[in-house]
Amino acid sequence: MSLKAGIVGLPNVGKSTLFNAITKKHILAANYPFATIEPNVGVVVVPDTRLDFLVELNNPKSVVPTTFEFIDIAGLVSGASTGEGLGNKFLSHIREVDAVVEVVRCFDDENITHVEGKTDPIRDVEIINTELILADLEIVLNRLGKIEKKAETTKDKEAVREVNVLKRIKEALEKSIPARLLEYSEDELDIIKNFNLITLKKIIYVANVSEEAASVNDNEYSLKLKEYAEKENAGVVVMCAKLESDLADYADEERKEFLKDLGISNSGLDKLIFATYDLLGLATFFTQGPDECRAWTFKKGSTAPKCAGIIHSDFEKGFIKAEVMSFNDLKEYGSELKVKEAGKLRLEGKDYLMQDGDICFFRFNV
């Protein structure tokens, strides 16, 4: 399943540096606004020690980890919603992602130009969020202009429902409240999903700090950002993008040792990947065998047939049963046979909701 997280922020806050680290690619990361002209797309492997265990157990011919995409989108500036900078083009790119990762500069460096003159994370966040709100407001107003009269004159139930939910969003946006902070019914979500509202997307903030601050996991700027994010129930990952980029080419053991010497327990990249994965409401199930061990991404709350369909549409169409065991049981008992002997291997039907860490074999007939 192809899911995308878009990396946004003002120019020169460390977006492209972070992208370099995430994807281990070396795109242009120049010290001037609009160094990123087209969105750069990178596939991110989600680190998972459970897959490592399955590989050790099965010694398969092929190993396929679970992945999702990060998209580096060019720096927005004040006035982007009205076309300032390269605004409209990049706002359209943000509409195509499933979640937003907003990089916020939380370090001082006189050698790196700040487009607004000085470091102020809250001002920077509000500039970005205001532009996204204004862009969404334009879409909502345009749609209301087309459908409001129809709803009033025809009393068409669908049109009335659409007008009502759009008016609620309009009122929120005009008060600088992102659309994601409102509550919606399933019907309302179905109505508004086609508008691709940016402020409806889930968001996580990256506090890009100096190397010194990364070792203590905070500074005055990142603490202010956390306080701001808490008000809108958003998460914050504190990391040094430059440090992570420098470490991107190190071997795993070297990287761990280097971070340990700096007093950093977990890689900022790993924290960001896990946080974004969770933000998107994703989980992982596994298939295993001598030919292939593979991790599969699914949306939390998905049924067994839906997850079977991720592997192949025929698996969903002809679904009969799913043979399921939990990873924890497999690790505890050491083999599939011993899991079965312990009565922990289950047969699940069409209503079974898949759990993170399930190891599955799907029975189907087409």
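Figured I'd write up the structure that's included with this text. Because the structure is a prediction, the values reported are computed rather than measured. (Residues numbered from 1 in each chain as written. Predicted model: local features only at pLDDT ≥ 70, side-chain atom pairs only at ≥ 80, totals over all residues. Heavy atoms only, no water.)

1. Observations concerning the pairing of strand 5 (residues 99-105)
Where burial is concerned, most of strand 5 is hidden: seven out of the seven residues are buried. The alternating pattern of strand 5 places Ala99, Val101, Val103 and Arg105 on one face and Val100, Glu102 and Val104 on the opposite face, and all of these are buried. By the bridge criterion, four bridges tie strand 1 (residues 4-8) to strand 5 in an arrangement that is parallel. Pairing of Ala5 across the sheet is with Ala99, part of strand 5. Bridging between strand 5 and strand 6 (residues 202-208) involves seven bridges; their strand directions are parallel. Note on strand 6: the bridge partner recorded for Val103 is Val206. (Buried < 20%, exposed > 50% of the residue type's maximum accessible area, 1.4 Å probe, protein only. Helix = DSSP H or I, 4+ residues; strand = E, 2+ residues; numbered from the N terminus. Pairing = 2+ DSSP bridges.)

2. As for the environment of Glu102
Looking at the element boundaries, Glu102 is found in strand 5. With a relative accessible area of 1%, Glu102 lands in the buried category.

3. A few points about the sheet that holds strand 4 (residues 67-72)
Strands sit in the order 2-4-1-5-6-7 across an open sheet of six strands; the sheet is mixed. Either end of the sheet is taken by a strand with one partner, and the two such strands are strand 2 (40-45) and strand 7 (235-239). Within the sheet, the average angular offset between the axes of one strand and its neighbour, ignoring direction, is 25 degrees. Together, strand 5 and strand 6 form the strand contacts of helix 4 (residues 121-154), whose direction differs from that of strand 5 by roughly 145 degrees. The sheet strands contacting helix 8 (residues 220-231) are strand 5, strand 6 and strand 7, and the helix crosses strand 6 at an angle near 170 degrees. (Axes fitted to C-alpha atoms, helices over the stretch in contact; angles between N-to-C directions. Contact = heavy atoms within 4.5 Å.)

4. Side note on the nonpolar core
Counting residues in each nonpolar core, the largest one holds 61 residues, and the members touching the most others are Leu18, Phe70, Ile94, Tyr205 and Leu272. Apart from residues lying up to four places away in sequence, Leu272 is in contact with Leu18, Ile22, Phe70, Val101, Val206, Val237 and Met239. Core analysis: the second largest hydrophobic core is formed by 17 residues, Leu144, Ile147, Ile169 and Phe195 among them. (Core = buried A, V, L, I, M, F, W, Y, C linked by side-chain atoms within 4.5 Å.)

5. What to know about the side chain of Thr287
Of note, Thr287 is situated in strand 8 (residues 282-287). A distance of 2.9 Å separates a polar atom in the side chain of Thr287 from a polar atom in the side chain of Trp296. Aside from chain neighbours lying at most four places away, what touches Thr287 is Glu292, Cys293, Arg294, Trp296, Ile311 and Cys360. (Polar contact = N/O pair within 3.5 Å; in protein donor to acceptor, adjacent residues only side chain to side chain.)

6. What to know about the packing of aromatic side chains
Tallied over the entire structure, the rule returns nine aromatic pairs. Between Tyr205 and Tyr228 the ring centres are 6.4 Å apart and the planes differ by 80 degrees, which places this aromatic pair in the edge-to-face class. Highlighted residues: Tyr205 in strand 6 and Tyr228 in helix 8, separated in sequence by 23 residues. Summarising the burial analysis for this pair, Tyr205 and Tyr228 share the class buried. (Phe/Tyr/Trp six-rings, centres within 6.5 Å; stacked < 30°, edge-to-face > 60°.)

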